[in-house]
Amino acid sequence: MRFAPRAGTYWSAERNPALIAVPVLLIVAIVISDLLIPTEGHLGPLLVVAPALTASFGGLRLTALIGGLAVAALTVVSVADGTITTSYRQSEIIALVLVSAFTVVFVRLRERHQAELQQVRSVAEAAQQVVLQPLPERIGPLRIAFDYQAAEDQARIGGDLYAAVRTPGGTRLLIGDVRGKGLPAIGDASLLLGAFRSVAYRAPPLPALYAHLEATVSWKAAQAGGDGLQEDAAVESFITAILVDFPDDRPEVRILNCGHPPPLRLAADGLAPLDPSQPAPPIGLGLLQPSHPGVDTFPFAPGDILLLYTDGVTEARDGSGRFYPLAERVASWPGRKTPEDLVRHVREDLLAYCGGRLGDDAALITVRRERAGIGLSHEPQAVDAPSALSGGPEPGPSTTVPPSDPERE
């Protein structure tokens, strides 16, 4: 989780009390030096550094205390060397009082701003928990790990989305990336996730699920565009996504790709991208390009890992402008670890590659099928009455790769 500064502090003197000693020692050093040097030399004006320095890490009370201590120290020095009645010393004291007062006012305004920012951040985090719910570590026979990295340091939610639901015979997973940023992207992500969660658990064929999501997003785009502007609205709002079906009783995975970067499968025979044979258009473009998407079936034996990601990962650049070679980096990683290990490795390697700054939000999901029977729920599943979205074979063309040996690890 990214570090969120506490309201009222930058460096946080509460976290590191030793910082308080710095302005105090500075005041002591200036007072001693001013008393020891010849009368014509004055270091009193340097005391203004103490409250200014304190404001960089301290709160309102600490800054006011150091400012008052600096004024008292200058007054003591003036009395000790007999210059308290001179106009020069008096002007020094008045200037120090004014600067300390202005510094305290600045710290008060900063604390108020940080408190408001903290409140907004809390609301954003709550919204993320509602819209972008964390994926479970175990769901059916699958083990899942995920990571979400926002492009902006203060961001907590964006246009990348993911969700997973159980069906009577397996698990459905969605990962996607909304075009654009800001509140419109969050609204589109929330709309798609709600539509997916409300229908996917009924186990409709993937093309029927895609059609439902397409209709939902296209309807929203048409409403936003107004009369006569439906096509323009559709162009402005679309979502690349992947719909994935993991059946419990077969060592395979079914994928419907909607213009999204293809996932990577790590198996005993190496790493391979699962490219679609007939990809569907991104969700939200159906008004412009009607499609009958195909569903591709790939082997997914126990022990295999599926890596899904958004383009914020593969479009991250290093200092010379080169894109992050995800497949190459994953293939060169020695050993076959857990989904959590893989997510951690890619995240750390990605941030190191781009110098810790992402140009776009980046989401990673790893899914591993455990051995048959592990993690399966034997509780009865509630299924809605038959509808146009449920039952029947999956229409549309598909490409099927013969499943691998189910005993392979």
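This next bit is on the overall build of the chain. A tally of helices and strands in the chain yields 10 helices and 12 strands. Within the chain, the proportion of its 409 residues that are buried is 45%. In the chain, of all internal contacts separated by at least 6 residues, the share reaching a separation of at least 24 is 73%. With an accessible surface of roughly 19800 Å², the chain has 61% of that area assigned to carbon and sulfur atoms.

This structure, assessed with the given rule, holds three aromatic pairs. Ring centres 5.6 Å apart and planes at 50° place the aromatic pair F246 and F300 in the tilted group. Here F246 is found in strand β5 (residues 239-247), whereas its partner F300 is found in the loop between β9 (295-299) and β10 (305-309), with 54 residues between them in sequence. For the pair F246 and F300, one class covers both residues: buried.

On to the pattern of salt bridges. Applying the stated criterion across every chain, the model contains 15 salt bridges. Notably, a salt bridge pairs E92 with R89, separated by 3.0 Å at the nearest N-O pair. Placement of both E92 and R89 in helix α4 (residues 87-131) is noted, with a separation of three residues, approximately one turn of the helix. Under the relative-accessibility criterion, E92 is labelled buried at 9%. Its salt-bridge partner being D318, residue R322 comes within 3.0 Å of it at the nearest N-O pair. One connected set of salt bridges, linked through shared partners, spans R172, D245, D249, R250, E252 and R254.

In most cases, non-glycine residues show a negative phi, while peptide bonds are predominantly trans. One non-glycine residue, A203, lies in positive phi territory at about 60°. Mapped onto the fold, A203 is located in the loop between α5 (182-199) and α6 (206-225). Residue A203 is classed as partly exposed on the basis of its relative accessible area of 28%.

For the rest of this paragraph, the subject is the packing of helix α1 (residues 21-36) against helix α3 (residues 60-80). The interhelical angle for the contact between α1 and α3, taken along N-to-C directions, is 10°, at an axis separation of 10 Å. With respect to their mutual orientation, α1 and α3 come out roughly parallel. Taking contact as the criterion, the partners of P23, V24, I27, V31, D34 and L35 in α1 are, on α3, I66, L69, A70, A73, V77 and A80. In the contact of α1 with α3, the residues fall into 11 nonpolar, no polar and one charged.

Residue placement: S218 occurs in helix α6. A residue is classified by how much of its surface remains accessible, and S218, at 7% relative accessible area, is buried. Of note is the side chain of S218, whose polar atom sits 2.4 Å from the side chain of E214.

Here we take up α3. The first and last C-alpha atoms of α3 sit 30 Å apart over 21 residues, in line with the 30 Å expected at 1.5 Å per residue. Buried within α3 we find L62, T63, I66, G67, A70, V71, A73, L74, V77 and S78. Among the residues trailing α3, G82 stands out with phi positive, at a value near 70°.

Turning our eyes to something else, we now look at the sheet that holds β10. Strand order in the open sheet formed by six strands is β1-β2-β11-β10-β7-β8, and the pairing between neighbours is antiparallel. The open sheet has two edge strands, β1 (138-139) and β8 (270-273), and neither has a second partner. Note: strand β2 (residues 142-149) against strand β11 (residues 362-369), eight bridges, orientation antiparallel. Its bridge partner being in β11, F146 is matched across the sheet by I365. Lying over the sheet, helix α10 (residues 339-353) contacts β2, β7 (264-267), β10 and β11, oriented at roughly 20° with respect to β2.

Here the chain shows a mean pLDDT of 79. Residues at 70 or above account for 75%. Per-element mean pLDDT across the chain ranges from 43 in strand β12 (residues 398-400) up to 96 in β10. Low pLDDT, under 50, characterises residues 227-234; the stretch is placed with 11 contacts to residues that sit more than four places away or in other chains. Taken together, the stretch residues 373-409 has pLDDT below 50 and engages in 74 contacts with residues farther than four places along the chain or on a different chain.

Our next topic: the pairing of β9. β9 sits mainly inside the fold: five of its five residues count as buried. A two-sided burial pattern is seen for β9, the buried positions comprising V295, T297 and P299 on one face and D296 and F298 on the other. Where strand β6 (residues 252-258) and β9 come together, four bridges link them in antiparallel fashion. Directly across from I255, in β9, lies its bridge partner D296.

A separate point is the pairing of β8. The pairing of β7 with β8 spans four bridges and is antiparallel. Bridge pairing in β8 places A267 opposite G270. Turn length for the β7-β8 hairpin, with the two strands adjacent in sequence and antiparallel, is two residues.

Here we take up the environment of I32. Its place among the elements puts I32 in helix α1. Taking relative accessible area as the criterion, I32 reaches 45% and is therefore assigned partly exposed. The spatial distance from the C-alpha of I32 to the C-alpha of V77 is 8.8 Å, given a sequence separation of 45 residues.

Criteria and cut-off values
Residue positions are given per chain, counting from 1 as you read along its sequence in written order. Per-residue local features are limited, in this predicted model, to residues with pLDDT of at least 70; the limit for side-chain atom pairs, both in listing and counting, is 80 or more; totals at the level of whole chains, interfaces and linings are taken over all residues. Values reported for side chains reflect all heavy atoms of the structure, with hydrogen atoms and water molecules removed beforehand. Secondary structure elements follow DSSP: runs of H or I of four or more residues count as helices, runs of E of two or more count as strands, with numbering from the N terminus. Relative accessible area decides the class of each residue, using a 1.4 Å probe on protein chains only: under 20% of the type maximum gives buried, over 50% gives exposed, and in between gives partly exposed. By definition, residues are in contact when any of their heavy atoms lie within 4.5 Å. The Shrake-Rupley method, run with a 1.4 Å probe sphere, supplies the accessible areas, and residue values consider only the shown protein chains as cover. Any Phe, Tyr or Trp ring, taking Trp's six-membered ring, that has another such ring centre within 6.5 Å forms a pair; planes under 30 degrees apart are called stacked, those over 60 apart edge-to-face, and the others tilted. Salt bridges are defined by distance alone: a side-chain nitrogen of Lys or Arg within 4 Å of a carboxyl oxygen of Asp or Glu. An axis is simply a line fitted to the C-alpha atoms; with a helix, the fit covers only the stretch in contact. Between two such axes, the angle follows the N-to-C directions and lies from 0 to 180 degrees. Throughout this description, any angle smaller than 35 degrees is read as roughly parallel, any larger than 145 degrees as roughly antiparallel, any in the 65 to 115 degree range as roughly perpendicular, and the remainder as oblique. Here the nonpolar group is Ala, Val, Leu, Ile, Met, Phe, Trp, Tyr, Cys and Pro; Asp, Glu, Lys and Arg are the charged ones; every other residue, Gly included, is treated as polar. Polar contact criterion, stated in full: a pair of N or O atoms within 3.5 Å, where within protein one must be able to donate a hydrogen and the other to accept it, and residues adjacent in sequence count only if both atoms are side-chain atoms. Multiplying 1.5 Å by the helix residue count minus one yields the expected span of that helix. Strand pairing is defined by DSSP finding a minimum of two bridges between the two strands. A residue's pLDDT is simply how confident the predictor is in it, with values from 0 to 100.

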